Amino acid sequence: MRIIGLTGGMAAGKSTVATLFRKGGVSVFDADACVRRLQGKGSKALPLIEKMFSKTVLEGHLDRGALREVVRTQPDALKRLEAIMHPLVRAERARFLKQCRARKEPFCVLDIPLLMEIGEDRRCDLVVVAEAPMSTRLSRIRQRGRSGGRMSVMDAKGLLKRQMSDHERRRRADIVIRTGLSRGYAARQVHALLHRLREAS
Ligand SMILES: CC(C)(COP(=O)(O)OP(=O)(O)OC[C@H]1O[C@@H](n2cnc3c(N)ncnc32)[C@H](O)[C@@H]1O)[C@@H](O)C(=O)NCCC(=O)NCCS
Ligand SMILES: Nc1ncnc2c1ncn2[C@@H]1O[C@H](COP(=O)(O)OP(=O)(O)OP(=O)(O)O)[C@@H](O)[C@H]1O
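What you are looking at is a predicted structure, and each value in this text was computed from that prediction instead of being measured.

Student: Give me the site of ligand 2: which residues, what numbers.
Tutor: Inspection of the region around ligand 2 gives 15 residues, with Lys 14, Ser 15, Thr 16, Arg 144 and Arg 183 positioned closest. At 2.6 Å, a side-chain N or O of Ser 15 approaches an oxygen atom of ligand 2. With respect to ligand 2, the backbone of Ser 182 contributes an N or O atom lying 3.1 Å from a nitrogen atom. Here ligand 2 has 640 Å² of accessible area as a free molecule, and 81% of this is covered by the chains. Those elements giving two or more residues to the shell around ligand 2 turn out to be helix H1 (14–23) and helix H6 (134–146). Per element, the largest residue contribution to the shell around ligand 2 is three residues, and it comes from H1. The residue makeup of the shell around ligand 2, split by class, is four nonpolar, six polar and five charged.

Here is the structure:
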């Protein structure tokens, strides 16, 4: 089975590209969704988060706004949060790969925002980067923030600093999908890639 790593900066359009792969019949592991699942009610991570960051769990639910605020204002908080989340995400990822192998799927996608930062790209057979200009991404983040519940540009900037530069990411990519233009254009690039992968397998 060939493992396709999918990554990109914040609001570049990874999830949109991942959906296109899914629609093309490919199994996708979504690391952000996995984090949210692992932080859900009754999850393993919640008691650990509650112990480390007081007042971020209310009546068994994670208060994401409160946790975002902690991450933004406490210098080492994200590192400590990652130390809780990353081993759990790693275990889920291993489970996903095992299931795909058991189903004898020819390839699968790992959609991981920090794919390169954690060195997981080295274990992928093909690394795909979703790329849109920073100005486009910031306006998408602003729009999402306005429609409620999501992080503001100010919150995002702290996380963006921890993500790899676009230049470095592009250098380590095998394929770049341009996601700064229309969705149709992104779809055509993914379809062409899937076609090539299927021809080669
Ligand atoms: C910081 C948290 C609470 C913010 O939650 P919120 O719902 O507001 O945002 P969401 O999870 O949708 O993330 C928004 C954007 O930030 C990026 N991001 C999230 N965590 C990180 C991180 N540790 N470093 C860099 N970027 C990150 C995401 O990929 C996404 O692009 C949450 O992202 C979290 O628990 N992060 C730690 C786990 C982690 O490292 N996740 C990255 C994928 S493995
Ligand atoms: N051509 C395009 N390709 C991908 N996304 C696009 C495109 N045009 C607009 N968008 C929009 O950009 C926004 C961000 O996309 P998406 O959620 O897929 O990004 P992401 O990289 O997964 O974000 P994050 O890592 O912050 O969760 C969405 O609202 C999406 O609809």
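Back to the text.
Student: Any details on the packing of aromatic side chains? Residues and values, ideally.
Tutor: A full pass over the atoms with the stated rule returns one aromatic pair. Plain terms: the ring middles of Phe 29 and Phe 96 are 5.7 Å apart, the flat faces sit at 45 degrees to each other, and that makes the pair tilted. One end of the pair, Phe 29, is in strand S2 (residues 27–30); the other, Phe 96, is in helix H5 (residues 77–102), and 67 residues separate them in sequence. One exposure class covers both Phe 29 and Phe 96, and it is buried.

Student: Kindly report on the packing of helix H2 (residues 31–38) against H5, identifying the contributing residues and their values.
Tutor: Where H2 contacts H5, the two axes come as close as 10 Å, and the packing angle between them is 115 degrees. In terms of their interaxial angle, H2 and H5 are classed as roughly perpendicular. In the packing of H2 onto H5, the handedness of the crossing is right-handed. Packed against H2, whose contacting residues are Cys 34, Val 35, Arg 37 and Leu 38, the element H5 presents Met 85, Leu 88, Val 89 and Glu 92 at the interface. Grouping the amino acids of the contact of H2 with H5 by side-chain chemistry returns six nonpolar, no polar and two charged.

Student: I'd like a rundown of the site of ligand 1, residues and numbers included.
Tutor: Around ligand 1 sit 18 residues in total, of which Gln 39, Arg 64, Arg 68, Glu 82 and His 86 are the nearest. Within the contact set of ligand 1, an oxygen atom lies 3.2 Å away from a side-chain nitrogen or oxygen of Asp 32. Here a nitrogen atom of ligand 1 and a side-chain polar atom of Glu 82 are 2.5 Å apart. Burial of ligand 1 by the protein amounts to 96% of the accessible area it has alone, namely 770 Å². Counting only elements with at least two residues in the shell around ligand 1, the list comes to H2, helix H4 (64–73) and H5.

What counts as what
Residues numbered from 1 in each chain as written. Chains lettered and ligands numbered in written order. Predicted model: local features only at pLDDT ≥ 70, side-chain atom pairs only at ≥ 80, totals over all residues. Heavy atoms only, no water. Near = heavy atom within 4 Å. Polar contact = N/O pair within 3.5 Å; in protein donor to acceptor, adjacent residues only side chain to side chain. Areas by Shrake-Rupley, 256 points an atom, 1.4 Å probe, with all protein chains shown as cover. Helix = DSSP H or I, 4+ residues; strand = E, 2+ residues; numbered from the N terminus. Nonpolar A, V, L, I, M, F, W, Y, C, P; charged D, E, K, R; others polar. Phe/Tyr/Trp six-rings, centres within 6.5 Å; stacked < 30°, edge-to-face > 60°. Buried < 20%, exposed > 50% of the residue type's maximum accessible area, 1.4 Å probe, protein only. Axes fitted to C-alpha atoms, helices over the stretch in contact; angles between N-to-C directions. Parallel < 35°, antiparallel > 145°, perpendicular 65-115°, else oblique. Left-handed = near helix turned anticlockwise from the far one by under 90°. Contact = heavy atoms within 4.5 Å.

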